[in-house]
Amino acid sequence: MPDIAAVKAALANQRIETPSWGYGNSGTRFKVFAQAGVPRTPREKLEDAAKVHEFTGIAPKVALHIPWDKVDDYAALSAYAKERGVELGTVNSNTFQDDDYKLGSVCHPDPAVRRKAVDHLLECVDIMDATGSKDLKIWLADGTNYPGQDDIVARQDRLAESLATVYERLGDDQRILLEYKFFEPAFYTTDVPDWGTSYMQCMNLGDKAQVVVDTGHHAPGTNIEFIVALLLRAKKLGGFDFNSRFYADDDLMVGSADPFQLFRILHEVAKNGGFDPETNVAFMLDQCHNIEAKIPAVIRSVMNVQEATAKALLVDREALGAAQASGDVLTANAVIMDAYNTDVRPLLAEWREEQGLAANPVTAYAASGWQERIAAERVGGEQAGWGA
Ligand code: PSV
Ligand code: MN
């Protein structure tokens, strides 16, 4: 059995980045629901993210989304984050909310629109320089809705050329993380629909371009842990956008719909060196929860990743390897299921207390008075959120 001290040490090294947009109002295309106390500025989002870190101890980074988190002075924003015990993480680009992007951004048939999109991506790298962020996460809404609408291969060529311009601009320790999603908003073709397309583009770009796996961006039934294992083997897994889905890109709290899948993914991560700092996998949340309270739902997601990680670390890999080598199918499967079925909550409560944290971050947050305080203080101004 794995040594509990080693499991605890590995848990202490875990870092989960939370998304600035997870703290704002969100909804579906039918309705955006407003909540009391939701941040009105990037600084207030950082204050909320700092609370998640305060109660979990493992969420010290906050991903930004540009232009949603646009400010005049990024160095000052970074300093504000540090004062609250967190730091700015991945910069997410946005080439999907401008009228010019109706037919695409970096794949658009018009070179002027492509230039505009590339300029935005270059601006994101400038911001990374100012914030000290290492990763530019690119998710593209590009695609077509009808057969014949545009040339599939020409769009790949435009994509490659646009990304190459951005890649050239990266500093030595900066990366492009190219995210894929199989559909939405485009319904016929999507220009980066799957890990293979992202991998091909990243291969052409070079070592500083890697694939992001958003757990909600696959067709139902896709074996995501297989993709994760292959990308780790190829040294091309740049990071995760964790969330949960029942149907498509539901963006629910990670681990809520299918905790077993999350465990299986994290088992492949653990087994294939994905938790080693030198592998440099960014563990990010990408959730837009609409009906539940913002901060505790992010805390819950962080805890769900942590629980699945603890279970993955408990897999008896020696016993698993021996069973696999001897073709003992039932024992191999039993080793995996034993780890998954272990209740790790007491272990995590103990670990938190050893770290000087409350045993239960959700109840500790509820008792902290922060939610009441922001509801009372954040009155007036415009709450951050999707459009409405
Ligand atoms: C797209 O659905 C996505 O997953 C991308 O990561 C974006 O950056 C994020 O959602 C927020 O729109
Ligand atoms: Mn995502």
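Summarised in this report is the structure supplied together with it. (Residues numbered from 1 in each chain as written. Chains lettered and ligands numbered in written order. Predicted model: local features only at pLDDT ≥ 70, side-chain atom pairs only at ≥ 80, totals over all residues. Heavy atoms only, no water.)

Judged by how many residues are buried, strand 5 (residues 87-92) sits mostly within the fold: five of six residues are covered. This β-α-β element, strand 4 (residues 61-65) to helix 3 (residues 74-83) to strand 5, shows right-handed connectivity. Two strands pair when backbone bridges link them, and strand 5 and strand 6 (residues 135-138) are joined in this way by two bridges, in the parallel orientation. Its bridge partner lying in strand 6, Val91 is registered against Leu136. (Buried < 20%, exposed > 50% of the residue type's maximum accessible area, 1.4 Å probe, protein only. Helix = DSSP H or I, 4+ residues; strand = E, 2+ residues; numbered from the N terminus. Right-handed = clockwise from strand over helix to strand, strands pointing away. Pairing = 2+ DSSP bridges.)

Another aspect to go through is the coordination of the manganese ion (ligand 2). Around the manganese ion (ligand 2), the protein contributes the donor atoms Glu179 (OE), Asp214 (OD), Asp241 (OD) and Asp286 (OD), at 2.1 to 2.2 Å from the metal centre. Considering all six donor atoms around the manganese ion (ligand 2), angles at the metal cover 72 to 163 degrees and the coordination shape is octahedral. The sequence motif formed by the donor residues of the manganese ion (ligand 2) is E-x34-D-x26-D-x44-D. Highlighted residues: Glu179 in strand 8 (residues 175-179) and Asp214 in strand 10 (residues 209-214), separated in sequence by 35 residues. Residue classification places Glu179 among the buried residues on the basis of a relative accessible area of 4%. (Donors = N, O, S within 2.8 Å, 3.2 Å for Na, K, Ca; no water. Tetrahedral: all angles 85-135°; square planar, octahedral: opposite > 155°, others 65-115°.)

Right, let's talk about the environment of Leu231 for a bit. Mapped onto the elements of the fold, Leu231 is located in helix 7 (residues 224-233). For Leu231, a relative accessible area of 0% gives the class buried. In this structure the C-alpha to C-alpha distance between Leu231 and Gln210, which are 21 residues apart in sequence, comes to 9.0 Å. For Leu231, the contacting residues outside a window of four places in its chain are Trp195, Tyr199, Val211, Val213, Lys236 and Leu237. (Contact = heavy atoms within 4.5 Å.)

Now for unusual backbone geometry. Residue Pro67 is reached from Ile66 by a cis peptide bond, and omega for that bond is 20 degrees. On the secondary structure map, Pro67 appears in the loop between strand 4 and helix 3. The omega torsion of the bond from Glu184 to Pro185 falls at 10 degrees, within 30 degrees of zero and hence cis. Relative to the assigned elements, Pro185 resides in the loop between strand 8 and strand 9 (189-190). Located in the positive-phi region is Lys235, a residue other than glycine, with phi close to 55 degrees.

For the structure shown, the criterion picks out 14 aromatic pairs. Judged by centre distance (6.3 Å) and plane angle (85 degrees), the rings of Trp68 and Phe96 are edge-to-face. One end of the pair, Trp68, is in the loop between strand 4 and helix 3; the other, Phe96, is in the loop between strand 5 and helix 4 (111-131), with 28 residues separating them in the sequence. Among the residues examined, Trp68 registers a relative accessible area of 27% and is labelled partly exposed. Grouping aromatic residues by their ring pairs yields a cluster made of Trp21, Trp68, Phe96 and Trp139. Above the ring of Phe260, the side-chain terminus of Arg264 is found at 4.8 Å from the ring centroid. Stacked on the ring of Tyr340, the Lys or Arg Lys311 has its end atom at 4.6 Å from the ring centre. (Phe/Tyr/Trp six-rings, centres within 6.5 Å; stacked < 30°, edge-to-face > 60°. Lys NZ or Arg CZ within 6 Å of the ring centre and 35° of its normal.)

On inspection of all chains with the given rule, the structure shows 27 salt bridges. With its nearest N and O atoms 2.8 Å apart, the salt bridge here joins Glu354 to Lys8. Here Lys8 lies in helix 1 (residues 4-13) and Glu354 lies in helix 12 (residues 345-354), a separation of 346 residues in the sequence. Taking relative accessible area as the criterion, Lys8 reaches 13% and is therefore assigned buried. Salt-bridge contacts for Glu44 lead to Arg40; the nearest nitrogen and oxygen are separated by 2.7 Å. (Salt bridge = Lys/Arg side-chain N within 4 Å of Asp/Glu carboxyl O.)

Take the site of ligand 1 next. The local shell around ligand 1 holds 15 residues, among which Glu179, Asp214, His217, Asp249 and Asp286 are the closest. In this structure, Lys181 approaches ligand 1 through a side-chain N or O atom, which is 3.2 Å from an oxygen atom. In this structure, Asp249 approaches ligand 1 through a side-chain N or O atom, which is 2.9 Å from an oxygen atom. Across the complex, the protein chains shield 94% of the 310 Å² of accessible surface that ligand 1 would expose by itself. Broken down by class, the residue content of the shell around ligand 1 amounts to five nonpolar, three polar and seven charged. (Near = heavy atom within 4 Å. Polar contact = N/O pair within 3.5 Å; in protein donor to acceptor, adjacent residues only side chain to side chain. Areas by Shrake-Rupley, 256 points an atom, 1.4 Å probe, with all protein chains shown as cover. Nonpolar A, V, L, I, M, F, W, Y, C, P; charged D, E, K, R; others polar.)

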